[in-house]
Amino acid sequence: MAMIQWFPGHMHLTQKAIAERIKAIDVVIELLDARLPGSSANPMLATLTQGKPTLKVLNKQDLADPERTSAWLAHFNAQPDTRALALDASMAAPAKALIKACHELAPTRGGMAKPMRVLICGIPNVGKSTLINTMVGKRAAKTGDEAGVTKLEQRIVLAPDFYLYDTPGMLWPRIIVAKSGYNLAASGAVGRNAFDEQEVALELLDTLKTHYPQRLQARYKLDDVAQMTDEQLLKAIGAKRGALRSGQHIDMQKAAEIAIYDFRANALGRITLESPEEFAQWLAAGQTLDAERQLKKDAIELDRKIRFKQIPRPDRRDGPC
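A brief look at the structure comes next. Keep in mind that what you see is a predicted model, and the values were worked out from it rather than measured. (Residues numbered from 1 in each chain as written. Predicted model: local features only at pLDDT ≥ 70, side-chain atom pairs only at ≥ 80, totals over all residues. Heavy atoms only, no water.)

### Considerations on the overall build of the protein chain
Assigned secondary structure in the protein chain consists of 11 helices and six strands. Here the protein chain, with 321 residues, has 49% of them falling under the buried criterion. (Helix = DSSP H or I, 4+ residues; strand = E, 2+ residues; numbered from the N terminus. Buried < 20%, exposed > 50% of the residue type's maximum accessible area, 1.4 Å probe, protein only.)

Pasting the structure below:
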């Protein structure tokens, strides 16, 4: 399973801007994709904002599995100095809910003498700009369906004593959880040039046939989805949706694009690609593999320094017998 990575230059600038801005911030709002709450939580952001009260907002809840959304809200609300709530673009007064939650996290802030200063962050294409525009009732932030639309920090006044600082969408330099990379790509958080659509579609279908086989059967008029391999399922979708090349051969690229588009467009129904328990397992496995890779990298670097006589060769006689 190849690792998906995407960290354009403007994300380095965003990282620096957050590190500087966080000094004067009272609460951090991290906008998550309710369809992949664990994968869309930025571990680099957690490091940058360490010690600050955090509001986890599961956005696009109308696209996500309600039962799994409840499980994720309970998971985040159990963490210290953290609140979690679920939103979507159809909510009439999202600003009121966010302001209330932020005051619960920082009860000493408020009023013109001590205005609330909030930093809102999230991965690309998580719906942050759309949510902000809904909250302020006008087009305050640029929107688009491509990752990386917002490129500059903006200050938005939600109330006379409530300042919201918007930042560009940001991933992190190394995604160590392989499954997260695929889920992020399926959601549209990763630039299209950073992944192979067929690989992403196969991983997506593997998840869907495990947890939502009836949705696949209903959408594509298929039988016995659970018995198919991922490749057979992708071919069957291509056949049903007319993704054919000359000679009636399945166009696997086109079939992959159809499967990914249908997930993003909610054509398969309300779906969440991961539970808190699943993500915890993926993260533990990813951390183990990353530690092993680091040990190998350190050993190679040590050998290089010895060969080029940058450091003396260890005297093995000094070691244990």
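### Details of helix H7 (residues 197–211)
With 15 residues, H7 extends 21 Å from end C-alpha to end C-alpha; this agrees with the ideal 21 Å at 1.5 Å per step. Within H7, the full set of buried residues consists of Val 200, Ala 201, Glu 203, Leu 204, Leu 205, Thr 207, Leu 208 and Lys 209. On its buried side, H7 packs onto helix H6 (178–187), helix H8 (213–220), helix H9 (230–240) and helix H10 (252–264). Measuring from the backbone nitrogen of Gln 198 back to the side-chain oxygen at the start of H7 gives 2.9 Å, which picks out Asp 196 as the cap. (Expected span 1.5 Å × (residues − 1). Contact = heavy atoms within 4.5 Å. Polar contact = N/O pair within 3.5 Å; in protein donor to acceptor, adjacent residues only side chain to side chain.)

### Focus: unusual backbone geometry
Its identity is not glycine, yet Lys 60 carries a phi of approximately 60°, on the positive side. Structurally, Lys 60 is set in the loop between strand E2 (54–59) and helix H3 (66–77). Looking at Lys 60, the relative accessible area reads 16%, which means it is buried. Although it is not a glycine, Asn 266 sits at a positive phi angle of roughly 65°. For Asn 266, the location among the structural elements is in the loop between H10 and helix H11 (276–307).

### Regarding the pairing of strand E3 (residues 82–86)
In summary, the side chains of a regular strand alternate between the two faces of the sheet. The buried count for E3 comes to four of five residues, which makes it a mostly enclosed element. In this structure, E2 lies alongside E3, joined through five bridges in parallel fashion. For Leu 58, the partnering residue across the bridge sits in E3 and is Ala 86. Each parallel crossover has a hand, and for E2 linked through H3 to E3 it is right-handed. (Pairing = 2+ DSSP bridges. Right-handed = clockwise from strand over helix to strand, strands pointing away.)

### Things to note about the packing of H9 against H10
Between H9 and H10, the least distance of the axes is 9 Å, while the angle of their chain directions is 90°. In terms of their interaxial angle, H9 and H10 are classed as roughly perpendicular. Residues Glu 231, Leu 234, Lys 235, Ile 237 and Gly 238 of H9 lie in contact with H10, whose contacting residues are Met 252, Ala 255, Ala 256 and Ile 258. Partitioned by chemical class, the residues of the contact of H9 with H10 number six nonpolar, one polar and two charged. (Axes fitted to C-alpha atoms, helices over the stretch in contact; angles between N-to-C directions. Parallel < 35°, antiparallel > 145°, perpendicular 65-115°, else oblique. Nonpolar A, V, L, I, M, F, W, Y, C, P; charged D, E, K, R; others polar.)

### Overview of the sheet that holds E3
Strand order in the open sheet formed by six strands is E3-E2-E1-E4-E6-E5, with mixed pairing between adjacent strands. Looking at which strands have only one partner, the edges of the open sheet turn out to be E3 and strand E5 (154–159). Going from strand to strand, the sheet's axes swing by 25° on average, the running direction of each strand aside. Note: strand E1 (residues 27–33) against strand E4 (residues 116–122), five bridges, orientation parallel. Its bridge partner being in E4, Ile 29 is matched across the sheet by Ile 120.

### Considering the pattern of salt bridges
Throughout the structure, instances matching the rule amount to 13 salt bridges. Each member of the salt-bridge network shares a partner with another, and the members are Asp 26, Arg 109 and Arg 117. (Salt bridge = Lys/Arg side-chain N within 4 Å of Asp/Glu carboxyl O.)

### Observations concerning the packing of aromatic side chains
As enumerated under the stated definition, the model contains three aromatic pairs in all. Aromatic rings pair up to connect Trp 72, Phe 76, Phe 279 and Trp 282 into one cluster. Taking the ring centre of Tyr 165 as reference, the NZ or CZ of Arg 21 above it sits at 4.2 Å. A cation over a ring is seen here: Arg 155 above Tyr 163, with NZ or CZ 4.3 Å from the ring centre. (Phe/Tyr/Trp six-rings, centres within 6.5 Å; stacked < 30°, edge-to-face > 60°. Lys NZ or Arg CZ within 6 Å of the ring centre and 35° of its normal.)

### Structural notes on the pairing of strand E6 (residues 162–166)
Of all five residues in E6, five are buried; the element is thus mostly enclosed. Both faces of E6 are covered, namely the face carrying Phe 162, Leu 164 and Asp 166 and the face carrying Tyr 163 and Tyr 165. Looking at chain direction, E4 and E6 are connected through five bridges and run parallel. Counted as the bridge partner of Val 118 is Leu 164 from E6. Sheet analysis places E5 next to E6, joined by five bridges and oriented antiparallel. The residue of E6 that forms the bridge with Gln 154 is Asp 166. Counting the residues that bridge the hairpin from E5 to E6 gives two residues.

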